[in-house]
Amino acid sequence: MTKQFWINLPVKNVNVSKEFFGKLGFRFNPQFGNGPNSAAMQVGEKDVTVMLFDEATFKGFVENCGLADTAQGIEVLLSIDAESKEEVDELAQKAIEAGGKSNHKPGEMQGWMYGCLFTDPDGHSWNVLYMDMSKMPKG
């Protein structure tokens, strides 16, 4: 069985992306990528790796496929959890201050979740959620 899960994202400028995600509090592992073409961002307690590759390097992995135009649609929604509503609010604010964009103010969803959406400098969509499991519908 697999032991690790890696997500690979194309970015226009690795350094810009590292600066953006660093301001949100993400860590980077130089063992897996630490150069002008890639960076290994660690997410969560299990250290899921999100590899940030410059577009030319990323295209080399996917052969004849084009890259998704994030201005035209969402290729994936990356979701991360928060410990509280306040943490959702803080992360949303940090994302905007660091150069991300959002038209979605943090708010309640389905009576048991609180979250927001933002896009990073390359237009990848991120969802930050606080889930109150005591209010989760039983089904």
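Computed from a predicted model, the values in this text were never measured in an experiment.

Rules of the game
Residues numbered from 1 in each chain as written. Predicted model: local features only at pLDDT ≥ 70, side-chain atom pairs only at ≥ 80, totals over all residues. Heavy atoms only, no water. UniProt positions renumbered as here; feature names shortened; annotations may be inferred. Helix = DSSP H or I, 4+ residues; strand = E, 2+ residues; numbered from the N terminus. Buried < 20%, exposed > 50% of the residue type's maximum accessible area, 1.4 Å probe, protein only. Contact = heavy atoms within 4.5 Å. Pairing = 2+ DSSP bridges. Axes fitted to C-alpha atoms, helices over the stretch in contact; angles between N-to-C directions.

(A) Inspection of the UniProt feature "domain: Glyoxalase/fosfomycin resistance/dioxygenase" (unreviewed entry) in the chain at higher detail. In this numbering, the UniProt entry assigns the feature "domain: Glyoxalase/fosfomycin resistance/dioxygenase" (unreviewed entry) to residues 6–127. In this annotation, residues 6–127 is assigned 25% helix and 37% strand; the end-to-end C-alpha distance for the span is 18 Å.

(B) Region of the structure containing the environment of proline 121. Checked against the element boundaries, proline 121 lands in the loop between β7 (113–119) and β8 (125–131). Assessed through its relative accessible area of 37%, proline 121 is described here as partly exposed. Proline 121 sits 108 residues away from asparagine 13 along the chain, and the two C-alpha atoms are 9.3 Å apart. With sequence-adjacent residues up to four places away left out, proline 121 is seen in contact with Val16 and Phe20.

(C) Region of the structure containing unusual backbone geometry. Positioned with a positive phi, aspartate 47 is a non-glycine residue whose angle comes to about 55°. In this fold, aspartate 47 is placed in the loop between β3 (38–43) and β4 (48–54). Classification of aspartate 47 as partly exposed rests on a relative accessible area of 35%. Even without being glycine, glutamine 110 reaches a positive phi, approximately 60°. One can find glutamine 110 in the loop between β6 (101–109) and β7.

(D) Here's a closer look at the pairing of β6. Note: β6 against β7, 5 bridges, orientation antiparallel. Considered in β7, the bridge of methionine 109 is made with methionine 113. Between the antiparallel neighbours β6 and β7 lie 3 residues, among them glutamine 110 with a positive phi of about 60°.

(E) Representation of the sheet that holds β3 within the structure. Spatial ordering of the open sheet is given by β1-β4-β3-β2, a layout of 4 strands whose pairing is mixed. Two strands bound the open sheet, and with one partner strand each, they are β1 (6–11) and β2 (27–28). Note that β2 and β3 share 2 bridges and pair antiparallel. Within the sheet, the bridge partner assigned to arginine 27 lies in β3 and is glutamine 42. Across the face of the sheet, helix α1 (residues 14–23) comes into contact with β1, β2, β3 and β4 while running at roughly 145° to β4. Seen against the sheet, helix α2 (residues 55–62) touches β1 and β4 and runs at an angle of roughly 110° to β4.

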